[in-house]
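# Tertiary structure, described
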There are 4 protein chains.
Amino acid sequence: MIIILQRNGEEQVNEIVRYVHSLGLEVDISQGTENVVLGIRGDTRSLREEQFVSLPGVQRVNRISSKYKLVSRQFRPQHTVKIKDYLVGDVPHLSDSKPFIIAGPCAIEDEKQALQTFEEIAAYTDAFRGFLYKPRTSPYEFQGLRETGISILQEIRRRYSIPIVQEVLDSRHLDVLNEVTDIYQVGTRNMYNYELLKEVAGTGKPVILKRGWTATLEEWLLAAEYIAKEGNMNIILCERGIRTLSSGEYGRNTPDLNVIPAVREKSCLPIIFDPSHSTGRAELVVPTSLAALSMGAHGLEIDVMPRNYDRRMLQVDGQQAITAQELGEIVKRAGNVWGNG
Amino acid sequence: MIIILQRNGEEQVNEIVRYVHSLGLEVDISQGTENVVLGIRGDTRSLREEQFVSLPGVQRVNRISSKYKLVSRQFRPQHTVKIKDYLVGDVPHLSDSKPFIIAGPCAIEDEKQALQTFEEIAAYTDAFRGFLYKPRTSPYEFQGLRETGISILQEIRRRYSIPIVQEVLDSRHLDVLNEVTDIYQVGTRNMYNYELLKEVAGTGKPVILKRGWTATLEEWLLAAEYIAKEGNMNIILCERGIRTLSSGEYGRNTPDLNVIPAVREKSCLPIIFDPSHSTGRAELVVPTSLAALSMGAHGLEIDVMPRNYDRRMLQVDGQQAITAQELGEIVKRAGNVWGNG
Amino acid sequence: MIIILQRNGEEQVNEIVRYVHSLGLEVDISQGTENVVLGIRGDTRSLREEQFVSLPGVQRVNRISSKYKLVSRQFRPQHTVKIKDYLVGDVPHLSDSKPFIIAGPCAIEDEKQALQTFEEIAAYTDAFRGFLYKPRTSPYEFQGLRETGISILQEIRRRYSIPIVQEVLDSRHLDVLNEVTDIYQVGTRNMYNYELLKEVAGTGKPVILKRGWTATLEEWLLAAEYIAKEGNMNIILCERGIRTLSSGEYGRNTPDLNVIPAVREKSCLPIIFDPSHSTGRAELVVPTSLAALSMGAHGLEIDVMPRNYDRRMLQVDGQQAITAQELGEIVKRAGNVWGNG
Amino acid sequence: MIIILQRNGEEQVNEIVRYVHSLGLEVDISQGTENVVLGIRGDTRSLREEQFVSLPGVQRVNRISSKYKLVSRQFRPQHTVKIKDYLVGDVPHLSDSKPFIIAGPCAIEDEKQALQTFEEIAAYTDAFRGFLYKPRTSPYEFQGLRETGISILQEIRRRYSIPIVQEVLDSRHLDVLNEVTDIYQVGTRNMYNYELLKEVAGTGKPVILKRGWTATLEEWLLAAEYIAKEGNMNIILCERGIRTLSSGEYGRNTPDLNVIPAVREKSCLPIIFDPSHSTGRAELVVPTSLAALSMGAHGLEIDVMPRNYDRRMLQVDGQQAITAQELGEIVKRAGNVWGNG
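Rules used throughout
Residues numbered from 1 in each chain as written. Chains lettered and ligands numbered in written order. Predicted model: local features only at pLDDT ≥ 70, side-chain atom pairs only at ≥ 80, totals over all residues. Buried ≥ 20, exposed ≤ 12 C-beta atoms within 10 Å, placed from the backbone. Helix = DSSP H or I, 4+ residues; strand = E, 2+ residues; numbered from the N terminus. Contact = placed C-beta atoms within 7 Å. Least-squares fit on C-alpha atoms with pLDDT ≥ 70 in both. Domains from an automatic or database assignment. Pairing = 2+ DSSP bridges. Axes fitted to C-alpha atoms, helices over the stretch in contact; angles between N-to-C directions. Nonpolar A, V, L, I, M, F, W, Y, C, P; charged D, E, K, R; others polar. Parallel < 35°, antiparallel > 145°, perpendicular 65-115°, else oblique. Left-handed = near helix turned anticlockwise from the far one by under 90°. Right-handed = clockwise from strand over helix to strand, strands pointing away. Expected span 1.5 Å × (residues − 1).

Within helix α8 (residues 259-266) of chain C, the full set of buried residues consists of Val259(C), Ile260(C), Pro261(C), Ala262(C) and Val263(C). Where α8(C) is buried, its residues meet α7 (217-229), β12 (235-239), β13 (271-273) and α10 (285-294) of chain C.

Structure below.
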């Protein structure tokens, strides 16, 4: 249940909070520019709207129909995630803005590949990706440089002030990663790993939550709710293609463009799109990126490789990496789509 | 097996054709601008490439690896379908061109609705849709005006010189439809109805072949091959969203944008996109249309309703119909995407 | 809306029927052993239950929640299809009974293969399958003997009094098939071909309606409703495996055993199971058949090949054909499962 | 690559192992009753079969075509997992044997429910389930008793000598669980959580690895390979229903019976079946269990609730729990299916 109050009524808010607590329930408070929204958590089935609607300062009382609350648009009509001086999400003056671009190698495979990639793309990116820990379907595939790659990221940090995204596979890696990570990512394979979600939330850092291969929208938002419930609302959702009957015949996954407006309708969280894992083919990354932006994506997360690199030499996902030049083309053309989308 | 010959060698072609016939096999001939391509059909397993490679005029001999032959890009690297003075497909000077736009009501429900819709969209459309025969999931739903709507289409024909698309559900309807139809459509539910495909092919008119809900690309192209094998290469494929684990939770189907470049890689046939049935929601039609064009679609097929119409009054798919104004916006913005796609 | 009346009240029934007709609605009448059930069709939204509940003889008035009516269990709690002296469906004294077994070649490929198969299985089968018209994914694959095979079926008819099942692909084939067919089958590819369903219904003969590859239960029952609405309730549903993310990696389709009890809960129609197309592998046919019977299937439809036949010589689905001996094993073991299921 | 040697040739084995190590590769040794099989791991692409085939004692040399090695049937044709005095898997004298039955509450919700359930089922079960840690889709749902439930399991251990299965969600819980756990389970949501798989493998205890909702067979076996690669071959695979287009309309998931013979063909690991999560409905558990056994499952894992319990009072999956009486019926009838399967 949600209670919407006029702003400038701190005492009235406190009174309602005390009352709700006396019923054995919890309250989340969302301060908007014009209203204060109270979200009541717990077993609210016995509450009646009439208990609240006549209290001083109350404007409206709504039942939330979804199972998720903190990440729903009903509870929080507007929400952005601040990454340095960048606001990701539905920014009021969108026309002044641009999509949030995360780019870099899928995995950091060696220092030369990493440094060269980041140097080439620094001008176009709002955040660097390039993971040390890689979950691989086979135990015989390259598992990432893991701890041994930390020094590479330290070097990146010395050279650039661009935030760094790191995927985390296990809460025991958080200590090692914390120093070199500005934004954590929880990948497709771990979307249902609620113990990990809670631990990552506890770092207080922004979390990119990728969608599971066949996760429903409700499951995805409830996974985000696990993070929000720990008090961390710095969540960015990332669509990365779903597994369908067409996966495998062509394309690695099917980019689910419909989910972008669906997320924006149901949730207050920003939604970005990963064209690289959605398609699995470098030549589709540019058009799919523009397609996602035209559907309302707030940003993109893209695999890049160094110029003049032989993609077959990459141990991870070489066939889907684009060059800095193609990334620049996306950024340039994104403006058109973004302004009109 | 495919035999590529130099152009200007009619006698050499005839000689090979005679030789192939003598082996009990059939030959299709495709005249390109620089080459003549002979496609050999039948049980070609016992043929060896050496039997042909040294014959006069022969440049190359290829085995076709796909099960479809006539509609494959290997056999016919370039193919367009002529609809009046419009060439649908990979036109050499694409920048002079624009996407092929089919628009109109999902179903013709009455004369007023039909005439008003067509009047409003005539300026933006290359072909009219608006079906008399509608396959509906429930026998209690509106099944289309059927024969009784023919006079409406006759009136449309009097007013406009724009080609008319009609869906055909049964070969016994072809006689009635033939007079008012320039382009036949075989819908999703009938993609595997090979008897119908053969009959429609026999009319010689262009055929739009929609993809089945969960048809593989191979199944779809083999269905097209049924039409081609009857001697009718005027085939336009139409992607209209696939059924996935996300269908139903949000969005009616999942627009499979990856299939557009996949079709262009595997087949010589033009591919258009239906954003209305792919998404099932009017507000997603504009961005999805632009997304499909950026992926390389050669055209669009879109449901439209009259201006100031109450979409709830429509008996068929009212929630996905856009207005002529929105159609105009797509056509205007398509130019940008198209030129750069 | 459904109105349940006491039996022995013909006048009361007639009165209600006249009243409903006066409202512009239609009535279907189902005579049970204890009740008469009237099903009202048309736009029943404005009807109120109170209009009927106090009329003489009326016991109960129910709204039907499903979109299908005639084939729902709400309307007709008990329904069997009579095939010669065999009742397919929920027979009162099930323990006296056995599952309905349809068996034979997938396609009739030549006279010898057909006659030998039927001879070997005659002792175990309640109906013969062995189709003349085969819908094939590729136009270059064997399409069935079609008209030229009629004489083979005539010979079968002379030798055996066992009913013959024939798949129909096009209503124009009904004339040819009618003489040699006791039960029509509409296959997976044509489940959504409503024009064909109506024509087949019109023959009055029993119809086996196979489920589409990814048809929902509702779509399947609504397709059956198209047949029922033509006045033909001799419908047998046949589950034959659905297309899932596992199809292709192993197994041809995924046998959807859950759908068997779901059909029995929602619909009055009998449901049989095709283990051959569900699994695509001969060695899985026996256990899958027993599994389906333990889930409540009323019968089985099974591909068989002659003893000592090389399955690679079959043009259609050779890898999934079992022998008469294996069929006999299913029939023998079915008794155990059936009695306890 | 796999090298099969005669038994009784320890020196020959050692010689080959030394040779392989000298090439920078690793060797796994599987002792069979008649042969010794050496599996070579690492980059074996440059190895040629001729290098080994003529060495003393070598009978055959095979390349393994699958990505998994240790869990493949090629490498280890026969493998059982010992749980107390029970051998799970393809036991030589199967007719003396019976399926391995794991049963108990889905979650332990309180002491009374747990003790009563275990008491009622003790006669029918080879292992107890009843989890303390429950991964739930919503953070607002009951998450299990967690640490606070340990004393209940200690009590169970005092009363019964039956092995206890516990699901593990996070490697940090292993210390707490270790004392009360004989068999670990990794659930559907964590099948791709490779860091957890490695840690659980490290305990040396048997591991039940449930299949992910839409995991391919290859992905599943590669996840098992992560465990095997840590030196723990005590792995039991558990099919628990897959997510398909039918999930949700009826049935919770679709039991993928085809995967059972597929696992037995590709892998040496035992495969059990969970009818409770496959169907989500208590009334389907008995027939689905028998169906799975007839397909070759080596055991069953089943949710049970106390006799005379109101299933609506259960916080987790009450609608799918059966009673001890129904469990007894499965065990009794399993014998028939098992002996003939």
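Of the two same-sequence chains, chain B is brought onto chain C (RMSD 0.1 Å, axial shift 0.1 Å) by a rotation of 180°. The superposition operator between the copies reduces to a two-fold rotation axis. When the interface residues of chain B are mapped onto chain C, 100% of them are again interface residues, pointing to one common binding face.

Overlaying chain A with chain B gives an RMSD of 0.1 Å, the required rotation being 180° about an axis along which the chain moves by 0.1 Å. In this assembly the copies share their binding face: 100% of the residues contributing to the interface of chain A also contribute to that of chain B.

For the rest of this paragraph, the subject is the domain arrangement of chain A. When its domains are assigned, chain A resolves into domain 1 (2-62) and domain 2 (80-340). Each of domain 1 of chain A and domain 2 of chain A has a C-alpha centre, and these two points are 37 Å apart.

To continue, consider the sheet that holds β12(C). Two pairing modes exist for strands in a sheet, parallel and antiparallel, and in both the strands are linked by backbone hydrogen bonds. Residue and element names in this part refer to chain C. Reading across from one edge, β8-β7-β14-β13-β12-β11-β10-β9 is the order of the eight strands in this open sheet, with parallel pairing throughout. Edge positions in the sheet fall to β8 (127-128) and β9 (165-167), since each has one partner strand and no second. Inspection of the sheet shows β12 paired to β13 by three bridges, in the parallel sense. The residue bridging Leu 237 from the neighbouring strand is Ile 271, located in β13.

Right, let's talk about the sheet that holds strand β13 (residues 271-273) of chain A for a bit. Residue and element names in this part refer to chain A. Taken together, eight strands build an open sheet; the order of strands is β8-β7-β14-β13-β12-β11-β10-β9 and the sheet is parallel. Every other strand in the sheet has two partners, leaving β8 (127-128) and β9 (165-167) as the edge strands with one partner each. Two strands pair when backbone bridges link them, and strand β11 (residues 207-210) and strand β12 (residues 235-239) are joined in this way by four bridges, in the parallel orientation. Pairing of Val 207 across the sheet is with Ile 235, part of β12. Together, β12 and β13 form the strand contacts of helix α8 (residues 259-266), whose direction differs from that of β13 by roughly 170°.

This part takes up unusual backbone geometry. Comment: phi is negative for the bulk of residues other than glycine, and the bulk of peptide bonds are trans. Backbone geometry places Arg146(A), a non-glycine residue, at a positive phi of 50°. Its location among the elements puts Arg146(A) in the loop between β8 and α4 (150-159).

Across the boundary between the two partners, chain A contributes 30 residues, which contact 30 residues of chain B. Those elements that place two or more of their residues in the side of chain A that touches chain B are α8, α10 (285-294) and α11 (324-340) of chain A. If one sorts the elements of the side of chain A that touches chain B by residue count, α10(A) sits on top with five residues.

Before going further, it helps to examine the interface of chain B and chain C. With 21 residues of chain B at the contact, the number on the chain C side is 21 residues. At the level of secondary structure, the elements contributing two or more residues to the side of chain B that touches chain C comprise α6 (194-202) and α7 (217-229) of chain B. Ranked by residue count, the leading element in the side of chain B that touches chain C is α7(B), at five residues. Across the side of chain B that touches chain C, the residue classes tally to eight nonpolar, five polar and eight charged.

Residue and element names in this part refer to chain D. Viewed as axis vectors pointing N to C, helix α6 (residues 194-202) and helix α7 (residues 217-229) meet at an angle of 40°, and their least axial separation amounts to 8 Å. Taken as axis vectors, α6 and α7 run oblique relative to one another. The interaxial crossing formed by α6 with α7 has right-handed handedness. Of α7, the residues touching α6 (which contributes Tyr 194, Leu 197, Lys 198 and Ala 201) are Ala 223, Tyr 226 and Ile 227.

A word on the pairing of strand β11 (residues 207-210) of chain D. All names here are of chain D. Burial of β11 is two-sided: the residues Val 207 and Leu 209 facing one way and the residues Ile 208 and Lys 210 facing the other way are all buried. Direction of pairing for strand β10 (residues 183-186) relative to β11: parallel, over a ladder of three bridges. Pairing of Tyr 184 across the sheet is with Val 207, part of β11. A crossover connection joins β11 to the parallel strand β12 (residues 235-239) through α7; in handedness this β-α-β unit is right-handed.

Moving on, we get to α7(D). Residue and element names in this part refer to chain D. Across its 13 residues, α7 extends 18 Å between first and last C-alpha, which sits within 8% of the 18 Å expected from 1.5 Å per residue. Across the 13 residues that make up α7, a large majority, twelve, are buried. Restricting attention to buried positions, one finds in α7 the residues Leu 217, Glu 219, Trp 220, Leu 221, Leu 222, Ala 223, Ala 224, Glu 225, Tyr 226, Ile 227, Ala 228 and Lys 229. Of the surrounding elements, those touching the buried residues of α7 are α6, β11, β12 and α8 (259-266). Of the residues flanking the end of α7, it is Gly 231, one or two places downstream, whose phi is positive at about 95°.

All right, on to the environment of Thr288(C) then. Residue and element names in this part refer to chain C. With respect to the element layout, Thr 288 can be found in helix α10. Among the residues examined, Thr 288 registers 28 C-beta atoms within 10 Å and is labelled buried. Thr 288 sits 258 residues away from Ser 30 along the chain, and the two C-alpha atoms are 35 Å apart.

All right, on to the environment of Gly280(B) then. Residue and element names in this part refer to chain B. Residue position: Gly 280 is located in the loop between α9 (275-279) and α10 (285-294). Judged by the 20 C-beta atoms lying within 10 Å of it, Gly 280 is buried. In this structure the C-alpha to C-alpha distance between Gly 280 and Gly 318, which are 38 residues apart in sequence, comes to 9.1 Å. Setting aside residues no more than four positions away along its own chain, Gly 280 makes contact with Gly 251, Arg 252, Asn 253, Gln 319 and Gln 320.

All names here are of chain D. With respect to the helices and strands, the residue Lys 205 is situated in the loop between α6 and β11. Given 18 C-beta atoms within a 10 Å radius, Lys 205 is considered partly exposed. Separated by 27 residues in the primary sequence, Lys 205 and Asn 232 have C-alpha atoms spaced 7.8 Å apart. If sequence neighbours within four positions are ignored, Lys 205 has contacts with Thr 181, Asp 182, Ile 183, Tyr 184 and Asn 234.

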